[in-house]
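Below are the chains, spelled out letter by letter.
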Amino acid sequence: MGVSVVTGANRGIGLELARQLNARGAIVVAVCRKSSPELDALGVRVECEIDVTEPAALSKLAERLAHDDIDLLVQNAGLLVGDSLEDVDLDAVRAQFELNAIAPLFLTRALASRLHPGSKVALITSRMGSIADNSSGRYYGYRMSKAALNAAGVSLAHDLKPRGVAVVILHPGAVRTEMTGGQGMIETDESVRGLLQRIDQLKLETTGRFLHQNGEILPW
């Protein structure tokens, strides 16, 4: 039996993904820069001191997983910085691109040899990365970085399909987490139940779709 790898697993959606996957009997590898008491209490395998924006850290993680087969890779680590046209900050935009869009691509590449036919890759994105759905503006760095992640996800779906690996691009909903300042419409447990349902339903025939956790197909 292979492992389920979750990035950004020390809090929020990532922590709940680790919790629910563990409760289902999966062998969970929780990846984070720094663990948390809540994550440690789960009793799952924790790979900490991994900053997925750093190439050396990706190599370190690949070495730690060199003898593991990966059944599921959930790229959840992310950064949200609110901004407007008047106060958008260059460094903040770059930081969001590095974590939200660039890191998932290069982590997938670093771990590609551990994926096998039947493996699944889930990219936790946001409908804020949808160009067609943008009706309110603002959030430049976040929207742009998530749109870039969505584009990478479609390319990954094409490139990994011949290997038998399926990819899904998932919006978790408006979730009440520390990242959102506790604002949102649903709790993490409800969001993650929906995310895992979408992952369970993922097949090679449906690879590359952009879905809400409730199953709705989202516009690009």
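In this convention, every chain numbers its residues from 1, walking through the sequence in written order. A pLDDT threshold of at least 70 governs which residues receive local features in this predicted model, and a stricter bar of 80 or more applies before side-chain atom pairs are shown or counted, although totals over entire chains, interfaces and linings include all residues. Side-chain measures here rest on the full set of heavy atoms in the structure, leaving out hydrogens and waters.

Side note on the overall build of the protein chain
Link 1 in the chain: From N to C terminus, the protein chain includes six helices and seven strands.
Link 2 in the chain: In the protein chain, the succession of helices and strands from N to C terminus is β-α-β-α-β-α-β-α-β-α-β-α-β.
Link 3 in the chain: To get the radius of gyration, use the C-alpha atoms; to get the globule rule, take the number of residues to the power 0.38 and multiply by 2.2 Å. The C-alpha radius of gyration computed for the protein chain amounts to 16 Å, which stays within 12% of the reference 17 Å derived for 220 residues, consistent with globular compactness.
Link 4 in the chain: For the protein chain, the spread of C-alpha atoms along the three principal axes comes to 50 × 40 × 35 Å.
Link 5 in the chain: Throughout, exposure labels follow a simple rule: accessible area from a 1.4 Å probe, protein chains only, divided by the maximum for the residue type, with under 20% read as buried, over 50% as exposed, and the rest as partly exposed. Counting only residues that meet the buried cut, the protein chain has 49% of its 220 residues in that class.
Link 6 in the chain: Contact definition: two residues touch when any of their heavy atoms are within 4.5 Å. Of the contacts made within the protein chain by residues no fewer than 6 positions apart, 65% connect residues no fewer than 24 positions apart. By definition, any uninterrupted DSSP run of H or I lasting at least four residues is a helix, any uninterrupted run of E lasting at least two residues is a strand, and each is numbered from the N terminus.

Focus on the side chain of Gln75
Link 1 in the chain: By the secondary structure assignment, Gln75 is in strand S4 (residues 70-75).
Link 2 in the chain: Polar contacts, as used here, are pairs of N or O atoms within 3.5 Å; protein pairs need one atom able to donate a hydrogen and one able to accept it. Residues neighboring in sequence count only if both atoms are side-chain atoms. Here the side chain of Gln75 touches Pro104 through a polar contact of 3.0 Å, landing on its backbone oxygen.
Link 3 in the chain: Here the side chain of Gln75 touches Thr108 through a polar contact of 2.8 Å, side chain to side chain.

Focus: the sheet that holds strand S5 (residues 115-124)
Link 1 in the chain: Taken together, the seven strands give an open sheet; going across it, the order is S3-S2-S1-S4-S5-S6-S7, and neighbouring strands pair in parallel fashion. Edge positions in the open sheet fall to strand S3 (45-47) and strand S7 (209-212), since each of these has one partner strand only. For this sheet, the mean angle separating the axes of adjacent strands, direction not counted, is 20 degrees.
Link 2 in the chain: Pairing between strands is defined by DSSP: at least two bridges between them are needed. Pairing analysis gives five bridges linking S4 to S5, with the strands arranged parallel. Note on S5: the bridge partner recorded for Leu73 is Val121. Between the N-to-C directions of two axes lies an angle of 0 to 180 degrees, each axis being a line fitted to C-alpha atoms and, for a helix, fitted only over the stretch in contact.

Structural notes on helix H1 (residues 12-23)
Link 1 in the chain: In this model, H1 (twelve residues) spans 17 Å end to end at C-alpha, consistent with the 16 Å of a helix rising 1.5 Å per residue.
Link 2 in the chain: Among the structural elements, strand S1 (3-7), strand S2 (27-31), helix H2 (37-40), S4 and helix H6 (188-201) are those in contact with the buried residues of H1.
Link 3 in the chain: Looking one or two residues past H1, Gly25 carries a phi angle of roughly 95 degrees, positive in sign. What a helix is expected to span follows from its residue count: subtract one and scale by 1.5 Å.

A short note on the packing of H1 against H6
Link 1 in the chain: Interaxial distance between H1 and H6 falls to 9 Å at its minimum, and their mutual angle equals 60 degrees. By crossing handedness, the relation of H1 to H6 is classed as right-handed. Residue-level inspection shows Gly12, Ile13, Glu16, Leu17, Gln20 and Leu21 of H1 in contact with H6, the latter providing Thr188, Asp189, Val192, Arg193, Leu195 and Leu196.
Link 2 in the chain: Throughout, the ten residues Ala, Val, Leu, Ile, Met, Phe, Trp, Tyr, Cys and Pro are labelled nonpolar, Asp, Glu, Lys and Arg are labelled charged, and all others, Gly among them, are labelled polar. Considered class by class, the residues forming the contact of H1 with H6 number six nonpolar, three polar and three charged. Note on convention: near helix rotated counterclockwise from far helix by under a right angle means a left-handed crossing. Clockwise means right-handed.

Let's talk about the packing of helix H3 (residues 55-64) against helix H4 (residues 90-111)
Link 1 in the chain: The contact between H3 and H4 brings their axes to 9 Å, and the two run at 35 degrees. Note on packing geometry: the crossing formed by H3 with H4 is right-handed. In this structure, H3 uses Leu58, Leu61 and Ala62 to contact H4, whose residues at the interface are Phe106, Leu107, Ala110 and Leu111.
Link 2 in the chain: Classifying every residue of the contact of H3 with H4 by side-chain character gives seven nonpolar, no polar and no charged.

With respect to the nonpolar core
Link 1 in the chain: Counting residues in hydrophobic clusters, the biggest one holds 30 residues, and the most contacted among them are Val5, Val52, Ile70 and Val121.
Link 2 in the chain: The element best represented in this core is H4, accounting for five residues.
Link 3 in the chain: The contact partners of Ile70, leaving out residues within four places of it in the chain, are Val3, Val5, Leu65, Leu111, Arg114, Leu115, His116 and Ser119.
Link 4 in the chain: To qualify as a nonpolar core, a set must consist of buried Ala, Val, Leu, Ile, Met, Phe, Trp, Tyr and Cys residues joined through side-chain atoms within 4.5 Å. If you look at the next biggest cluster of nonpolar residues, it comprises 29 residues, including Val6, Ala122, Ile124 and Leu195.

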